[in-house]
Amino acid sequence: MSKKNINLDKNLDDSYQEGVEDYDNLDSPVDVDDEIIDDPIKEKIKPKEITDLPGIGPTSAEKLKAAGYETYESIAVASPMELVAVASLGEGTAIKAIKAARDALEMGFESAEKILDRRKLISRITTGSSSLDELLGGGIESQSITEVYGKFASGKSQWCFQLCVTAQLPKDQGGLDGAVLYIDTENSFRPERVSQIAQYRGLDPEKVMKNIFVARAYNSDHQMLLAEKGVDLIKDKNIKLVIVDSLTSQFRSEFTGRGQLSDRQQKINKHMRLLQKIAELYNVVVFVTNQVMSRPDILFGDPTDAIGGNVVKHASKTRVYLRKGTGSKRIAKLVDSPSLPDGEAVYNVTGDGLVD
Ligand SMILES: Nc1ncnc2c1ncn2[C@@H]1O[C@H](COP(=O)(O)OP(=O)(O)OP(=O)(O)O)[C@@H](O)[C@H]1O
Ligand SMILES: [Mg+2]
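Quantities reported herein were computed from a predicted structural model and do not represent experimental measurements.

1. Quick word on the overall build of the protein
The helix and strand inventory of the protein stands at 15 helices and 13 strands. Here the protein holds 356 residues, and 38% of them are scored as buried. Across the protein, the fraction of contacts at a sequence separation of at least 24, relative to all contacts at a separation of at least 6, is 68%.

So, in structure tokens, the structure goes:
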């Protein structure tokens, strides 16, 4: 067993219960309908069937699926000979299918100039605290996932409430003048708090509430579905911020056995890939919260680690670890950022939200 798996098994063993409710008695209100997707951007997010690839009929698709090649991604990274072997395809057909999958996923090279152009469009939402903004290079940026993690009551949900407000501030005040999509998996969204923070920031609480679209996720499948459905709202409602609070708790309470670990990780991975695509395609901020587990094997330093292992670690571009200080003081530590130095910032959580 790899080192990574050992750590994740610990995660399943530990007895963290905060924030995890019993959802067994709740009825899921979702109606799943597979509507036709005709929006070209949504088309990119829609999971593709491998039968859409040239030369892959239902029989070959069955064989490929049986051998674990179920997605465009798995075909795109396969070698022609693998596909020939498992699905009895001709070599030419295999090559064409792989190329089509790669094209569809836009897996080719692109110029650095094009990447730079896209990065120029990155926008930021202020946290409301200048020390935090400085730590984060000016606020929470669009086009990628930002994750805050920490123990219960470390202030993760307070960050969410705060951003619900600051995202709606005008651009010259560090906001994006945009609406918010909020996926609440722990029933912890508190409009009263948002209203309080809005007042402090000089916004009309009623207007602020109208621009926050909250959905309560009852289980992990529902959570994933809500993210897909959210795509509809993003353009219609000028959504600039997508929040998932918490990213992992549903997965964690549902997949409890060791044998389910890899299923759980695969599902979290899929969920995060969708969130990542949403961030990039719509140039929005994606902000997720995550819990921690104890790491009894760590003797020095802080013996905690975020849930979800490498899957979450790699998908979140910016990761911030939250700790409680004395009184209203909180400490945020920037853990992973591709472009900023690691560091810490001190801020306060008060009735008015996050402040210096
Ligand atoms: N109105 C308020 N005024 C001052 N501080 C507040 C207020 N509301 C909440 N807090 C602070 O925020 C803490 C709760 O933080 P929060 O709910 O964001 O934690 P969390 O990290 O989301 O926890 P969990 O893992 O349980 O979801 C409280 O313990 C308190 O210190
Ligand atoms: Mg919370």
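2. What to know about the site of ligand 1
Not every one of the 16 residues close to ligand 1 is listed here, only the nearest: Phe-152, Ala-153, Lys-156, Ser-157 and Gln-158. Broken down by class, the residue content of the shell around ligand 1 amounts to 3 nonpolar, 10 polar and 3 charged.

3. Thoughts on the pairing of strand β3 (residues 145–150)
For β3, the tally of buried residues reaches 6 of 6 residues, placing the bulk of the element in the interior. Of the two faces of β3, the one lined by Ile-145, Glu-147 and Tyr-149 and the one lined by Thr-146, Val-148 and Gly-150 are each fully buried. By the bridge criterion, 5 bridges tie β3 to strand β7 (residues 285–290) in an arrangement that is parallel. Bridge pairing in β7 places Thr-146 opposite Phe-287. Inspection of the sheet shows β3 paired to strand β10 (residues 316–324) by 6 bridges, in the parallel sense.

4. A closer look at helix α12 (residues 220–236)
Between the first and last C-alpha of α12 there are 25 Å, a value that for 17 residues agrees with the 24 Å anticipated at 1.5 Å per step. At Gly-230, α12 shows its strongest bend, of approximately 30 degrees. Those residues of α12 lying buried are Ser-220, His-222, Gln-223, Met-224, Leu-226, Ala-227, Gly-230, Val-231 and Ile-234.

5. Remarks on the sheet that holds strand β4 (residues 179–184)
With mixed pairing, the 9 strands of this open sheet are ordered in space as β5-β4-β6-β7-β3-β10-β11-β12-β13. Here the strands that pair on one side only, and so sit at the sheet edges, are β5 (212–216) and β13 (353–355). Neighbouring strand axes in the sheet, compared pairwise and without regard to direction, differ in orientation by 25 degrees on average. Two strands pair when backbone bridges link them, and strand β11 (residues 329–336) and strand β12 (residues 343–350) are joined in this way by 6 bridges, in the antiparallel orientation. Directly across from Leu-334, in β12, lies its bridge partner Gly-343. Across the sheet, α12 touches β4, β5 and β6 (239–245), and the angle it forms with β4 is around 170 degrees.

6. Things to note about the environment of Val-208
Topologically, Val-208 is positioned in helix α11 (residues 205–210). A sequence separation of 17 residues divides Val-208 from Pro-191, and the C-alpha atoms of the two residues are 9.8 Å apart. Filtering out sequence-adjacent residues up to four positions away, Val-208 remains in contact with Val-165, Gln-168, Val-194, Ala-198 and Leu-203.

7. Regarding the packing of helix α9 (residues 156–166) against helix α10 (residues 191–200)
The contact between α9 and α10 brings their axes to 9 Å, and the two run at 50 degrees. Here α9 lies oblique to α10, going by the angle between them. Handedness of the crossing formed by α9 with α10: right-handed. Listed contacts from α10 to Phe-161, Gln-162, Cys-164 and Val-165 of α9 are Arg-193, Val-194, Ile-197 and Ala-198. Looking at the contact of α9 with α10 residue by residue, the class counts come to 6 nonpolar, 1 polar and 1 charged.

8. Brief notes about the nonpolar core
Leu-163, Cys-164, Val-180, Leu-241, Ile-243 and Val-286 are the most contacted members of the largest nonpolar core, which totals 67 residues. If you tally residues by element for this core, the top one is α9, at 6 residues. Once you skip the residues sitting within four places of it in the chain, Leu-163 turns out to touch Ile-125, Ile-140, Leu-241, Ile-243 and Phe-287. Counting residues in each nonpolar core, the second largest holds 12 residues, with Leu-53, Ile-56, Leu-83 and Leu-89 among its members.

9. A short note on the packing of helix α5 (residues 80–87) against helix α6 (residues 91–104)
Close contact between α5 and α6 brings their axes to 8 Å; oriented N to C, the two are set at 120 degrees. With respect to α6, the axis of α5 lies oblique. The two elements α5 and α6 cross, and the hand of that crossing is right-handed. Listed contacts from α6 to Pro-80, Leu-83 and Val-84 of α5 are Glu-91, Ala-94, Ile-95, Ala-97 and Ile-98. Partitioning the contact of α5 with α6 into residue classes produces 7 nonpolar, no polar and 1 charged.

10. Looking at unusual backbone geometry
Cis peptide bonds are those with omega within 30 degrees of zero, and the linkage from Asp-245 to Ser-246 qualifies with 0 degrees. Mapping Ser-246 onto the fold places it in the loop between β6 and α13 (249–254). The backbone of Ser-88 shows a phi angle near 50 degrees, a positive value even though the residue is not glycine. Mapped onto the elements, Ser-88 comes out in the loop between α5 and α6. Even without glycine at this site, Asn-238 takes up a positive phi of about 55 degrees. Positionally, Asn-238 belongs in the loop between α12 and β6.

Conventions we followed
Residues numbered from 1 in each chain as written. Chains lettered and ligands numbered in written order. Predicted model: local features only at pLDDT ≥ 70, side-chain atom pairs only at ≥ 80, totals over all residues. Helix = DSSP H or I, 4+ residues; strand = E, 2+ residues; numbered from the N terminus. Buried ≥ 20, exposed ≤ 12 C-beta atoms within 10 Å, placed from the backbone. Contact = placed C-beta atoms within 7 Å. Near = placed C-beta within 6 Å. Nonpolar A, V, L, I, M, F, W, Y, C, P; charged D, E, K, R; others polar. Pairing = 2+ DSSP bridges. Expected span 1.5 Å × (residues − 1). Bend = angle between axes of the 7 residues up to and from the residue. Axes fitted to C-alpha atoms, helices over the stretch in contact; angles between N-to-C directions. Parallel < 35°, antiparallel > 145°, perpendicular 65-115°, else oblique. Left-handed = near helix turned anticlockwise from the far one by under 90°. Core = buried A, V, L, I, M, F, W, Y, C linked by C-beta atoms within 7 Å.

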